[in-house]
Amino acid sequence: MSDNILECVHCGRTSDEVPVISVEYQSNNYGICPQHLPVLIHKPQMLVGKLPGVENLKAEGHDHH
Ligand SMILES: [Zn+2]
C-alpha cells in the first residue's frame, strides 16, 4: 500500500495536524512543517540523527569566531 503520510522530521507532526512540505533529499522523500523549515535551511545540524546524511549539509558561511 502506498501510505504517503509525511511527517515533519523534526517534530513528527503529520499533515493531519500541520501543513507538511515534501522535501526530496538523496532520492528519498522527507516531510518538514513550515515551523521547522528554517531549521533545515539555517541549522541543518539540528536534524542530525533525524535526516540521514544531513551532516553533509553545511550551512553557508562559517560559524567561526
Ligand atoms: Zn516540525
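A few points on the structure. Because the structure is a prediction, the values reported are computed rather than measured.

**What about the overall build of the protein?**
Right, so step 1: In terms of helices and strands, the protein carries one helix and two strands.
Right, so step 2: Reading the secondary structure of the protein in the N-to-C direction produces β-β-α.
Right, so step 3: Counting all 65 residues of the protein, 15% fall into the buried class.
Right, so step 4: Restricting the contact set of the protein to residue pairs at least 6 apart, pairs at least 24 apart contribute 24%.

**Quick word on unusual backbone geometry**
Right, so step 1: The backbone of glutamine 26 shows a phi angle near 50 degrees, a positive value even though the residue is not glycine.
Right, so step 2: Among the secondary structure elements, glutamine 26 is positioned in the loop between β1 (21-25) and β2 (28-32).
Right, so step 3: One non-glycine residue, serine 27, lies in the positive phi region at around 65 degrees.
Right, so step 4: Its location among the elements puts serine 27 in the loop between β1 and β2.
Right, so step 5: Note on serine 27: 5 C-beta atoms within 10 Å, which makes it exposed.

**Details of the environment of asparagine 28**
Right, so step 1: Examined against the element boundaries, asparagine 28 turns out to sit in strand β2.
Right, so step 2: Assessed through the 10 C-beta atoms surrounding it within 10 Å, asparagine 28 is described here as exposed.
Right, so step 3: Remark: the alpha-carbon pair of asparagine 28 and proline 52, spanning 24 residues in sequence, is separated by 9.9 Å.

**Things to note about the pairing of β2**
Right, so step 1: When β1 meets β2, the two strands line up antiparallel, connected through five bridges. Counted as the bridge partner of tyrosine 25 is asparagine 28 from β2.
Right, so step 2: In textbook terms, the turn of a hairpin is the stretch between consecutive antiparallel strands, and for β1 and β2 this stretch comprises two residues, one of which, glutamine 26, has a positive phi near 50 degrees.

**Quick word on the nonpolar core**
Right, so step 1: One finds Cys8, Val9, Val20, Tyr30, Ile32, Cys33, Leu40 and Leu51 forming the largest nonpolar core, which totals eight residues.
Right, so step 2: Discounting chain neighbours no more than four positions away, the residues touching leucine 40 are Ile32 and Leu47.

**Thoughts on the environment of leucine 51**
Right, so step 1: Along the polypeptide, leucine 51 turns up in the segment after α1 (37-42).
Right, so step 2: Along the chain, leucine 51 and leucine 40 lie eleven residues apart, while their C-alpha atoms are 9.7 Å from each other.
Right, so step 3: The contacts of leucine 51, once residues within four sequence positions are left out, are Val9, Tyr25 and Tyr30.

Cut-off values and rules
Residues numbered from 1 in each chain as written. Predicted model: local features only at pLDDT ≥ 70, side-chain atom pairs only at ≥ 80, totals over all residues. Helix = DSSP H or I, 4+ residues; strand = E, 2+ residues; numbered from the N terminus. Buried ≥ 20, exposed ≤ 12 C-beta atoms within 10 Å, placed from the backbone. Contact = placed C-beta atoms within 7 Å. Pairing = 2+ DSSP bridges. Core = buried A, V, L, I, M, F, W, Y, C linked by C-beta atoms within 7 Å.

Read these as spatial facts, not as claims about activity.
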